[in-house]
Amino acid sequence: MTVDHDALLAFLTEVFAGRGLPRGRAAEAARALCHGDLTGMDSHGVANLAGLYLPLLDEGRADPGAEPRVLADLGAAVLLDARRSLGLWAASEAMDLAARRAGEHGVGLVSVRGATHLGCAGYHALRAVERGMIGVVASNCGRQRIARPPGGAVALLGTNPLSAAAPAGAHPPFLLDMSTTAAPTGRVRQAAREGRRLPEGVLCDDHGAPVTDPAAFDAGRAHLMWLGGEAGRFKGFGLGLLVEVLSAVVSGAGRGPDPDALAGDGGPSGRDDDIGFLMLAIAPDALREGAPADAEELFGVVTACPPAAPGDPVRYPGWHEHRTARERRATGVPLAAGLYAELADVAARAGIPAPALAGEGR
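Definitions and limits used
- Residues numbered from 1 in each chain as written.
- Predicted model: local features only at pLDDT ≥ 70, side-chain atom pairs only at ≥ 80, totals over all residues.
- Heavy atoms only, no water.
- UniProt positions renumbered as here; feature names shortened; annotations may be inferred.
- Helix = DSSP H or I, 4+ residues; strand = E, 2+ residues; numbered from the N terminus.
- Rg over C-alpha atoms; globule rule 2.2 N^0.38 Å.
- Contact = heavy atoms within 4.5 Å.
- Lys, Arg positive; Asp, Glu negative; His and termini not counted.
- Charge placed at Lys NZ, Arg CZ, Asp CG, Glu CD.
- Salt bridge = Lys/Arg side-chain N within 4 Å of Asp/Glu carboxyl O.
- Buried < 20%, exposed > 50% of the residue type's maximum accessible area, 1.4 Å probe, protein only.
- Core = buried A, V, L, I, M, F, W, Y, C linked by side-chain atoms within 4.5 Å.
- 1 Å grid on protein atoms, 1.4 Å probe; cavity = no way out; pocket = protein on both sides within 12 Å on 5 of 7 lines; lining within 4 Å.
- Points joined across faces, edges and corners; volume = space filled by probe spheres on them.
- Nonpolar A, V, L, I, M, F, W, Y, C, P; charged D, E, K, R; others polar.
- Pairing = 2+ DSSP bridges.
- Axes fitted to C-alpha atoms, helices over the stretch in contact; angles between N-to-C directions.

Per an unreviewed UniProt entry, the protein is named Ldh family oxidoreductase, and its organism is Nocardiopsis tropica. In the Sequence similarities (unreviewed entry) part of its UniProt record, the protein is described as follows: "Belongs to the LDH2/MDH2 oxidoreductase family."

Right under this line is the structure:
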């Protein structure tokens, strides 16, 4: 099924506003959530509305009207307490603040604690690109622990996403958006919903043997592996720890590697409360002239690289997502029938119309 993009945004805005978010916040949360479906990262889009974000609000773990509080302000660096405001909105606010400070100082860093799930980290990194800046986002998972250190028998870390985005001149923006585990939990659960097997290298059992049944993850029979596979697992694990330092140690947010974690039985423990963010904006042309032109040339050279396979041109992270988003804004956002039925149920409970299918009413 294909849903009109503007109608989907309007629907999500109404749903969030109905849960108490001021309308401006609700509209921003809707854009952040829809980014996943718009760019093809369906596991991080509206599939998480009913299962993640509405429960956060309904259970009181996220406060729809909370006002983030400034705890320290050094000009180029700011520490914020998000006070459990909805991360889809709060992360955008934090990056916007980082970009404003970068406009004054050449660099802006906003460290956030007391946050909730931010959705696609890349969406927030791209907000810096809209201002001609480089954006970097790191987010831990609060005290949620689902991944074990290499050689460890107890889960200590979350998926700990990391993202960086940069302007590329006339080319689509560069956008790296990744978990530091081999895959995010959303992708595993999406495969389970769709009845697909996972490739080897995503999940393993307690003895390190590969597991391809995605349902084994939530059943407690498998856990996430690290980015880089068996041979490079310390790279992914190291990046996961780096995210923990940048997002939680700097801000004072909840940590996965907390002493309480050592009492675990090996399986997942804790939950994703008191998440920490790091939002970094860099204005490259503040230090010297010519940086934007150099970036355009850099990414132009990448796309001009002769392909190893004729007809399969070289592309960089963010290129395909940019094209997909442009197409889906024009033609609609594809949603699985089961997901659309879930949104229709949310609409019925909220007393609002379900999002219109593409072409309806035109």
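Engineer: I'd like a rundown of the overall build of the protein, residues and numbers included.
Structural biologist: Helix and strand content of the protein: 11 helices and 12 strands. Against the compact-globule benchmark of 21 Å for 362 residues, the protein has a radius of gyration of 20 Å, which places it among compact chains. In terms of overall dimensions, the protein has a C-alpha envelope of 55 × 55 × 50 Å along the principal axes. Across the protein, contacts joining residues at least 24 apart in sequence account for 68% of those joining residues at least 6 apart. Put simply, the protein has 34 plus and 42 minus side-chain charges, and the middle of one group is 2 Å from the middle of the other.

Engineer: Give me the lowdown on the pattern of salt bridges, citing residues and values where you can.
Structural biologist: This structure, assessed with the given rule, holds 22 salt bridges. For Asp-96, the salt bridge goes to Arg-127, with nearest N and O atoms at 2.8 Å. Placement of Asp-96 in helix α4 (residues 87-105) and of Arg-127 in helix α5 (residues 121-129) is noted, with a sequence separation of 31 residues between them. Looking at Asp-96, the relative accessible area reads 8%, which means it is buried. Residue classification places Arg-127 among the buried positions, given a relative accessible area of 12%. A single salt-bridge network, built from bridges that share partners, covers Glu-28, Arg-31, Asp-96, Arg-127 and Arg-131.

Engineer: So what's going on with the nonpolar core? Residues and values would help.
Structural biologist: Leu-8, Phe-11, Leu-12, Phe-16 and Leu-49 are the most contacted members of the largest nonpolar core, which has 38 residues in total. When residues of this core are traced back to their parent elements, those giving at least two are α1 (5-18), α2 (23-39), α3 (49-58) and α11 (337-350). Ranked by size, the runner-up nonpolar core spans 28 residues in total, among them Val-110, Leu-118, Val-129 and Met-279.

Engineer: So what about the layout of surface pockets? Which residues, and what values?
Structural biologist: The space that makes up the second largest pocket amounts to roughly 440 Å³. What lines the second largest pocket is a set of 20 residues, and nearest its centre among them are His-35, Leu-126, Glu-130, Ala-325 and Arg-329. Within the residue set of the lining of the second largest pocket, elements represented by two or more residues are α1, α2, α5 and α10 (319-331). Classifying every residue of the lining of the second largest pocket by side-chain character gives nine nonpolar, five polar and six charged.

Engineer: Lay out the side chain of Arg-25 with the relevant residues and their values.
Structural biologist: With respect to the helices and strands, the residue Arg-25 is situated in helix α2. With residues near it in sequence (within four places) discarded, Arg-25 still touches Pro-64, Gly-65, Ala-66, Glu-67 and Trp-89.

Engineer: Give a detailed account of the sheet that holds strand β2 (residues 69-73), specifying residues and quantitative values.
Structural biologist: As summarised here, the arrangement of the seven strands in space is β2-β3-β4-β11-β5-β6-β7, forming an open sheet in which the pairing is mixed. The open sheet terminates on both sides in strands that have one partner only, identified here as β2 and β7 (174-178). For this sheet, the mean inter-axis angle between neighbouring strands, taken without regard to orientation, is 15°. Looking at chain direction, strand β6 (residues 162-166) and β7 are connected through five bridges and run antiparallel. Within the sheet, the bridge partner assigned to Ala-166 lies in β7 and is Phe-174. Strands in contact with α5 are β5 (134-139), β6, β7 and β11 (275-282); relative to β6, the strand with the most contacts, it is inclined by about 25°.

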